[in-house]
Amino acid sequence: MAGYRQNKKIFLIAACVFGLAIFGWIKLLLTINTYDLIPKPVAISELKTFSSWVNHNHLWYKKTCLGLTADDNLSVGKLEDIIARWSTVVQKDCREVYEKFTDIYNVNRRSGQVIIPDTFQTKVLKWLNNDDELFKEVKLQFITSIFNTYTHESSIFNPLRSKRPGVTSMDESVRDDVEEMVKKAEKDCDFCAYQYKTAEDTFGRIESEFSATASNTFKYDGYHALIILKSHSPLDFNENQFMDMMDTTMKWFMKVYETDKNYKYPHLMWDNLPKASASQIHPHAQASVGPVRHYGLMEHIRLTGLDYAKQHSGNSYFNDLLQIHTALGLTTTLGNATAMAYLTPKKDYEVIIMSKTASIEFFRLLYYTIKALMDDLELFAWSFAMFLPKLEPYVTPDYDDIPAIVRIISRGQANSHRSDISAMELFAASNVNIDPFSVIDHVERSVSKGIKDLEELNRREDEKLVEQPKEGENKDNNQSEDGEAVPKVKVSKVKENEEKQQ
């Protein structure tokens, strides 16, 4: 009897243990089946708007995260090694930006070998300006591929390809050729007589001291205009003229919105010179406003940014791009605007400029980037595309909107007959010959020079205000001693439009 009671007790204990085990397994299975392995999207209300602020400057990232000194040079060819070094750093801010980089970008480097027979060596050396070191590099080449896993932009870098025949002109008379082209076109230029030889919008023209609008006779959108500089040369416009042109553009955008509030997606395109596909040599840009969305490529990036934010605690995709490029030393700033030499450029020398709104600094930074191409590099043919936040006055861009963005690239030597676009760029990936790490150096120098020049001009203006003009002297404060107009950046009108957008 005692044995029976003992066995019953053991049986009851075993049954309880078995029951608890079954319950535990059922609960575990239910938990696994209901657990969301994909991060839960962030609520719309928690998505963050764009800001150009970043935690640290490049020198801090270079020293702390990359283990390099200020004098160490970076290049796209070293990027894979840089990322490997970065991956070992445990500092919090370094890890955060590293994880953003590896989440957005995939970097791959591979090599290709070439056997050059003796009969071909002389010609190859001529292409390379008889540089023996470059000749060694030709025999063993390294190609770097960078892929954006969100936008699917892809760029392939091999700087040696810029040495191939017909790509880099050794002709030092490029400017002379372009100036001759400009002079020849002036005689029958439609835009020099825009009042008589261009169409008007239904609401008329917008004119200023240096620029005016015309309705595009052959439109690609319901509201499509030309923003025309009144001076003929596309080589020599100054900062004052450029800022005036941007001011006219903003006024035209707002006039369109006032006329029809369904049209609120503004775009500005500028192709400089026929090499960049301009129909006329006279400087002009194409302004348009769409009613539904931004144009396809930009809309794809906007939607990508929205999806990215939902998956990353509400963080702005554009903010994280700036952080990544700043960490690598690929940015320069002017006020609230930032220019970055893009890691996946469409073509050579691409720079992307971003700001929360179309601010004065945004336009000035674009002007200095253009001057870097034309003055520093003698690349007079270029194209840019500008996309601005929705035209809703007195409202700052929301979480689902884009910041003010402009993308600018070189289109190659202005006097070259060879196209800079091939089947590779049209249907596969961007073949890029220029290292982004060298591009940002040119932009930085141009920004520094532009700021110094503007400070000097403002100083001269201030001196004129306090000096009493002597008898017989020119009393026009807008002229220099030799009678030339002194460029003075007009910011009030642009500021007015900026405040309307905000």
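Per-chain numbering applies: the sequence of each chain, read as written, is numbered from 1 onward. Predicted model: local features are reported for residues with pLDDT of at least 70 only, side-chain atom pairs are reported and counted for 80 or more only, and whole-chain, interface and lining totals are derived from all residues. Think of the side-chain values as coming from all heavy atoms in the structure, minus any hydrogens and water.

Trainee: Please give an account of the state of the cysteines that cites residues and values.
Mentor: In plain terms, two cysteine sulfur atoms within 2.5 Å form what is called a disulfide here. Tallying each qualifying case throughout the model produces one disulfide. Between Cys65 and Cys94 runs a disulfide, and the two sulfur atoms are separated by 2.0 Å. What sets the handedness of the Cys65 and Cys94 disulfide is the S-S torsion sign, and at about -80 degrees it is left-handed. Here Cys65 is found in the loop between helix 2 (58–64) and helix 3 (79–86), whereas its partner Cys94 is found in helix 4 (residues 92–104), with 29 residues between them in sequence. Cys192 carries a free sulfur, and the closest cysteine sulfur to it, the one in Cys189, is 3.6 Å from it. Each helix is a run of DSSP H or I of at least 4 residues and each strand a run of E of at least 2, with the numbering of both proceeding from the N terminus.

Trainee: An account of the pairing of strand 5 (residues 223–229) is needed here, citing residue identities and associated values.
Mentor: Looking along a regular strand, one sees side chains alternate from face to face of the sheet. The rule is simple: take the accessible area with a 1.4 Å probe, protein chains only, and divide by the maximum for that residue type; under 20% is buried, over 50% is exposed, in between is partly exposed. Here strand 5 lies mainly inside the structure; seven of its seven residues are buried. Judged by which residues are buried, strand 5 turns out to be covered on both faces: Tyr223, Ala225, Ile227 and Leu229 on one side and His224, Leu226 and Ile228 on the other are all buried. Across six bridges, the pairing between strand 5 and strand 7 (residues 284–290) is antiparallel. Bridge pairing in strand 7 places Ile227 opposite Ala285. Two strands pair under a simple rule: DSSP has to find at least two bridges between them.

Trainee: Got a sec to walk through the side chain of Ser208? Specific residues and values, please.
Mentor: On the secondary structure map, Ser208 appears in the loop between helix 8 (194–197) and strand 4 (211–215). Beyond its immediate stretch of four places on either side in the chain, Ser208 contacts Lys230, Asp244 and Thr248. Any pair of residues with heavy atoms lying within 4.5 Å of one another is described as a contacting pair.

Trainee: Describe the sheet that holds strand 13 (residues 430–432), listing the residues and the values that go with them.
Mentor: Two modes of strand pairing occur in sheets, parallel and antiparallel, and in both the strands are linked by backbone hydrogen bonds. The mixed open sheet is built from four strands, whose spatial order is 1-2-3-13. Edge positions in the sheet fall to strand 1 (105–113) and strand 13, since each of these pairs with one other strand and no more. For this sheet, the mean angle separating the axes of adjacent strands, direction not counted, is 20 degrees. Relative to strand 3 (residues 154–157), strand 2 (residues 140–148) is paired through four bridges, and the arrangement is antiparallel. Bridge pairing in strand 3 places Phe147 opposite Ser154. Helix axes are fitted only over the stretch in contact, all axes being lines through C-alpha atoms; the angle between N-to-C directions runs from 0 to 180 degrees.

Trainee: Explain unusual backbone geometry residue by residue, including any values.
Mentor: At Leu273, a position not held by glycine, the phi torsion is positive, near 80 degrees. Structurally, Leu273 can be placed in the loop between strand 6 (265–272) and strand 7. Positive phi values are uncommon outside glycine, yet Tyr349 reaches one of about 65 degrees. Position of Tyr349 among the secondary structure elements: in the loop between strand 9 (337–341) and strand 10 (351–355).

These results come straight from atomic positions and should not be treated as a statement about function.
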